[in-house]
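Residue-level listing of the chains:
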Amino acid sequence: MEDRHAMAQAGGLTVVAVFDGHGGDGAPSFCAGEIIPQLEREYAAASADFVGNGDIQGGQNDNVADPVTSRMSTALRSSFVVLNERFLAAYPNDDSGCTALVAVVLPHIVLVANAGDCRAYLWRHDAPLLPLSREHVAAEEAERQQVVARGGFVKPTSDGKMRVGGVIQVCARELLVL
């Protein structure tokens, strides 16, 4: 099985991550083992860049007034990018990959980041499911445009499914603050 997960709890914060592997277990195993330490490093770096007025230097603060949420939002974004770069550098001959879904639960807010065709929903006892993410797949026009803008290409397979580079369906990453 190529799927992996990670979870940690400390000081009123819970991090849950799920990685759906493709083509081997190298990428999901690496990501599951490294997401929490990477998120801690990126949060520390975002905290060092924090300016007293609530702005993040060199990052995005999502117009969120809470400095902790702003820093965690920045840390989630950069953790996805850095883990990808680290995996590719450490394992250049490993062709595996994975989608990623990470939720950071704080006392009054949930931050969700995802890459690929994974989805997160919030279940509330007396209300409909609330989507917390959206899939990033080549079938979506906006995703195809991003792939092409970055120098890639998207083409259909014989069964009509759109594939990035003719191989994979997933495209990008997203961060949603609730």
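Please refer to the structure higher up on the page.
Throughout, residues of each chain are indexed from 1 in the direction in which the sequence is written. Thresholds applied to this predicted model are a pLDDT of at least 70 for local features of residues and 80 or more for the giving and counting of side-chain atom pairs; totals over whole chains, interfaces and linings are not thresholded and use all residues. With hydrogens and water excluded, all non-hydrogen atoms of the structure serve as input to the side-chain values.

J.: Please explain the overall build of the protein chain as it appears in this structure.
T.: In terms of regular secondary structure, the protein chain is built from three helices and nine strands. Across the protein chain, helices and strands are ordered from the amino to the carboxyl terminus as β-β-α-α-β-β-β-β-α-β-β-β. We call a residue buried when its accessible area falls under 20% of the maximum for its residue type, exposed when it is over 50%, and partly exposed in between, using a 1.4 Å probe and counting protein chains only. Counting the 178 residues in the protein chain, one finds 37% classified as buried. Contacts are residue-level and defined by heavy atoms, with any inter-residue pair within 4.5 Å sufficient. For the protein chain, long-range pairs separated by at least 24 residues make up 53% of all intrachain contacts whose partners lie at least 6 apart in sequence. Strands here are runs of E lasting at least two residues and helices are runs of H or I lasting at least four, both read from the DSSP assignment and numbered beginning at the N terminus.

J.: Help me understand the packing of aromatic side chains in this model?
T.: Aromatic ring pairs are defined here through the distance separating the ring centres and the angle between the ring planes. Each aromatic pair joins two rings of Phe, Tyr and Trp (for Trp, the six-membered one) with centres within 6.5 Å, and gets the label stacked for planes under 30 degrees apart, edge-to-face for over 60, and tilted for any other angle. Applying the stated rule across the entire model yields three aromatic pairs. Each ring, one from Phe30 and one from Tyr91, has its centre 6.0 Å from the other, and the planes form 75°; the classification is edge-to-face. Of the two residues, Phe30 is situated in helix α1 (residues 26-48) and Tyr91 in the loop between α2 (67-90) and β3 (97-106); the sequence distance between them amounts to 61 residues. Here Phe30 falls in the buried class, since its relative accessible area comes to 12%.

J.: Explain a nonpolar patch on the surface here, please?
T.: Two distance rules govern patches: like charges are joined within 9 Å, and nonpolar side chains (Val, Leu, Ile, Met, Phe, Trp, Tyr) within 5 Å, applied only to residues with over 30% relative accessible area and no salt bridge. To be clear on the numbers: accessible area is Shrake-Rupley with a 1.4 Å probe, and residue cover counts the displayed protein chains and nothing else. What makes a salt bridge here is a side-chain nitrogen of Lys or Arg within 4 Å of a carboxyl oxygen of Asp or Glu, nothing more. A surface patch of nonpolar side chains, about 250 Å² in accessible area, is lined by Met7, Val16 and Val18. Checked against the element boundaries, Met7 lands in strand β1 (residues 3-10). Overall, the relative accessible area of 54% leaves Met7 in the exposed class.

J.: Sorry if this is basic, but what is going on with the pairing of strand β6 (residues 127-131) here?
T.: The two faces of the sheet receive side chains in turn, since in a regular strand these alternate between them. Pairing between two strands requires that DSSP report at least two bridges joining them. Taken together, the three bridges between strand β5 (residues 121-124) and β6 define a ladder with antiparallel strand orientation. Across the sheet, the residue bridging to Arg124 is Ala127, located in β6. Here β5 hands over to β6 after two residues, the two strands then running antiparallel side by side.

J.: Would you mind showing me how to read the nonpolar core here?
T.: As a rule of thumb, nonpolar side chains are buried together in soluble globular proteins. By convention a nonpolar core is built from buried Ala, Val, Leu, Ile, Met, Phe, Trp, Tyr and Cys residues, the set being connected through side-chain atoms within 4.5 Å. Membership of the largest hydrophobic core comes to 25 residues, with the highest contact counts inside it found for Phe19, Ile35, Leu39, Leu76, Val102 and Val104. Those elements giving two or more residues to this core turn out to be β2 (13-22), α1, α2, β3 and β4 (109-115). Once residues lying within four places of it in the same chain are set aside, the contact partners of Phe19 are Glu2, Asp3, Arg4, Pro28, Cys31, Ala32, Ile35, Cys98, Thr99 and Ala100. Residues Leu101, Val112, Cys118 and Ala120 belong to the second largest nonpolar core, which totals five residues.

J.: Sorry if this is basic, but what is going on with α1 here?
T.: Taking 1.5 Å per residue as the helical rise, α1 with its 23 residues ought to reach 33 Å, and the 32 Å between its terminal C-alpha atoms agrees with that figure. Two axes are fitted around each residue, one to the seven residues ending there and one to the seven starting there, and the angle between them is reported as the bend at that residue. The largest bend in α1 comes to about 45°, at Glu34, with the proline Pro37 one to four residues further on. On its buried side, α1 packs onto β1, β2, α2 and β3. Here, expected helix span is obtained from the residue count minus one, scaled by 1.5 Å.

J.: Help me understand the pairing of β2, please; the structure alone is not making it clear to me.
T.: Pairing between β1 and β2: eight bridges, direction antiparallel. Within the sheet, the bridge partner assigned to His5 lies in β2 and is Val18. Linking β1 to β2, which pair antiparallel, is a turn of two residues; within it Gly11 sits at a positive phi near 50°. Inspection of the sheet shows β2 paired to β3 by nine bridges, in the antiparallel sense. Bridging from a neighbouring strand, Ala17 pairs with Val102 of β3.

As far as function goes, none of this settles anything; it's purely spatial.
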